[in-house]
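Close look at the chain arrangement
What follows is the residue order along each chain.
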Amino acid sequence: MAEDIIVCENLVKIYKTKDIEVLALQGLEINIAEGELMAIIGNSGSGKSTFLNMIGGLDRPSAGKLFLDGKDLFKLSEAELVEYKRSTVGFVWQNNARNLLPYLTALQNIQLPMMISGGKQRKERALELLDLVGMSHKKNNRLSQMSGGEQQRIAIAIALANNPKILLADEPTGALDSKSSAALLDVFEDINSMGQTILMVTHSTAAAA
């Protein structure tokens, strides 16, 4: 039986400004096993992206417990958090402008995170990932030369570049038509079948089916 890679107990997130406090997440309890593909469904404002951002190390929890791969996300220093974001999690955003740099080719975009982390055999790894997401034929294309669905496939490859423990996807099909969405979800399922843990948040029941 697979061990839990995410352990979340009574998780709370409160956003504070000078005049107001907003309770974005209250008392969330969830465990996710290593190798699992989980989709969290909810309407806008229900706290889905807040939860994902906390797991991704982009936002600090307010109260409760949150462990990922044995790391206590309440106790990580800023330096540890930088390393955690670089090596433990990979992010796929709905907005492709956050996923890809438009002046780089697909191949260069995938190599970039490996260059930042000092990874070896970057080109070989990038070519493997292009093949994995079915985009080898677009390796020399830039952002403007690819459809939305193709851009999201490249985004998945970028997120996998540093072999993260968990792949996080925030509304990855939100800007795609139904055909492109279905094709992208097939890619996620293929990657999950190889043992990759994936957590996706979506408002689409079709995406979560």
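Refer to the structure presented above.
Cut-offs used in this document
Residues numbered from 1 in each chain as written. Predicted model: local features only at pLDDT ≥ 70, side-chain atom pairs only at ≥ 80, totals over all residues. Heavy atoms only, no water. Helix = DSSP H or I, 4+ residues; strand = E, 2+ residues; numbered from the N terminus. Rg over C-alpha atoms; globule rule 2.2 N^0.38 Å. Buried < 20%, exposed > 50% of the residue type's maximum accessible area, 1.4 Å probe, protein only. Contact = heavy atoms within 4.5 Å. Areas by Shrake-Rupley, 256 points an atom, 1.4 Å probe, with all protein chains shown as cover. Lys, Arg positive; Asp, Glu negative; His and termini not counted. Charge placed at Lys NZ, Arg CZ, Asp CG, Glu CD. Axes fitted to C-alpha atoms, helices over the stretch in contact; angles between N-to-C directions. Parallel < 35°, antiparallel > 145°, perpendicular 65-115°, else oblique. Left-handed = near helix turned anticlockwise from the far one by under 90°. Nonpolar A, V, L, I, M, F, W, Y, C, P; charged D, E, K, R; others polar. Core = buried A, V, L, I, M, F, W, Y, C linked by side-chain atoms within 4.5 Å. Pairing = 2+ DSSP bridges.

The next thing to look at is the overall build of the protein. What the protein contains, in helices and strands, is 8 helices and 8 strands. Taken over the C-alpha trace, the protein has a radius of gyration of 17 Å; the compact-globule value for 209 residues is 17 Å, and the two agree within 12%. With the C-alpha coordinates aligned to their principal axes, the bounding extent of the protein is approximately 50 × 45 × 40 Å. Here the protein, with 209 residues, has 46% of them falling under the buried criterion. Residue pairs at least 24 apart in sequence account for 65% of intrachain contacts in the protein once pairs closer than 6 positions are excluded. For the protein, the accessible area works out to roughly 10,800 Å², and carbon and sulfur atoms hold 49% of it. Separation between the mean location of the 21 positive side-chain charges and that of the 24 negative ones in the protein comes to 8 Å.

A few words now on the packing of helix α6 (residues 148-159) against helix α7 (residues 178-193). Between α6 and α7, the least distance of the axes is 10 Å, while the angle of their chain directions is 15°. In terms of orientation, α6 lies roughly parallel with respect to α7. In this structure, the crossing between α6 and α7 has a hand that is right-handed. When α6 is examined against α7, the residues Gly 149, Gln 152, Arg 153 and Ile 156 are found in contact with a partner set consisting of Ser 180, Ala 183, Leu 184, Val 187, Phe 188 and Ile 191. Classifying every residue of the contact of α6 with α7 gives 6 nonpolar, 3 polar and 1 charged.

Ile 110, Ile 154, Ile 156, Leu 167 and Phe 188 are the most contacted members of the largest nonpolar core, which totals 31 residues. For this core, the secondary structure elements donating two or more residues are α4 (106-117), α5 (122-132), α6, β7 (166-170), α7 and β8 (197-202). With 6 residues, the single largest contributor to this core is α6. Those residues in contact with Phe 188 that sit more than four places away from it in its chain are Ile 156, Leu 167, Ala 169, Pro 172, Ile 198 and Met 200. Among the nonpolar cores identified, the runner-up in size contains 26 residues, and Ile 5, Ile 32, Leu 76 and Trp 93 belong to it.

Moving on, we come to unusual backbone geometry. In this model, Asn 10 sits at a positive phi of 50°, which is unusual for a non-glycine residue. Tracing the backbone through its elements, the reader meets Asn 10 in strand β1 (residues 4-16). The exposure class assigned to Asn 10 is partly exposed, which follows from its relative accessible area of 44%. Positioned with a positive phi, Asp 69 is a non-glycine residue whose angle comes to about 55°.

Next up on the list: the sheet that holds strand β3 (residues 37-41). Judged by pairing direction, the sheet is parallel, and its 4 strands sit side by side in the order β3-β8-β7-β6 without closing on themselves. Edge strands, defined here as strands with exactly one partner in the open sheet, are β3 and β6 (89-92). On average, each strand axis in the sheet is inclined to that of its neighbour by 15°, with strand direction left out of account. The pairing of β6 with β7 spans 4 bridges and is classified as parallel. Residue Phe 91 lies in a different strand from β7, and its bridge partner there is Leu 168.

The next subject is helix α1 (residues 48-55). Counting buried residues in α1 gives 6 out of 8 residues, a clear majority hidden from the surface. Taken together, the buried positions of α1 are occupied by Lys 48, Thr 50, Phe 51, Leu 52, Met 54 and Ile 55. Positive phi appears at Gly 57, one or two residues downstream of α1, with a value of about 80°.

This part is about the sheet that holds strand β4 (residues 63-68). For sheets, the rule is that strands pair by backbone hydrogen bonds, running either parallel or antiparallel. Judged by pairing direction, the sheet is antiparallel, and its 4 strands sit side by side in the order β2-β1-β4-β5 without closing on themselves. Across the chains shown, the open sheet's two edge strands, defined by having one partner strand only, are β2 (21-33) and β5 (71-72). Note that β1 and β4 share 5 bridges and pair antiparallel. Looking at β4, one finds that Val 12 is bridged to Ala 63. Set on the sheet, α1 makes contact with β1, β2 and β4; between it and β1 the angle comes to about 115°.

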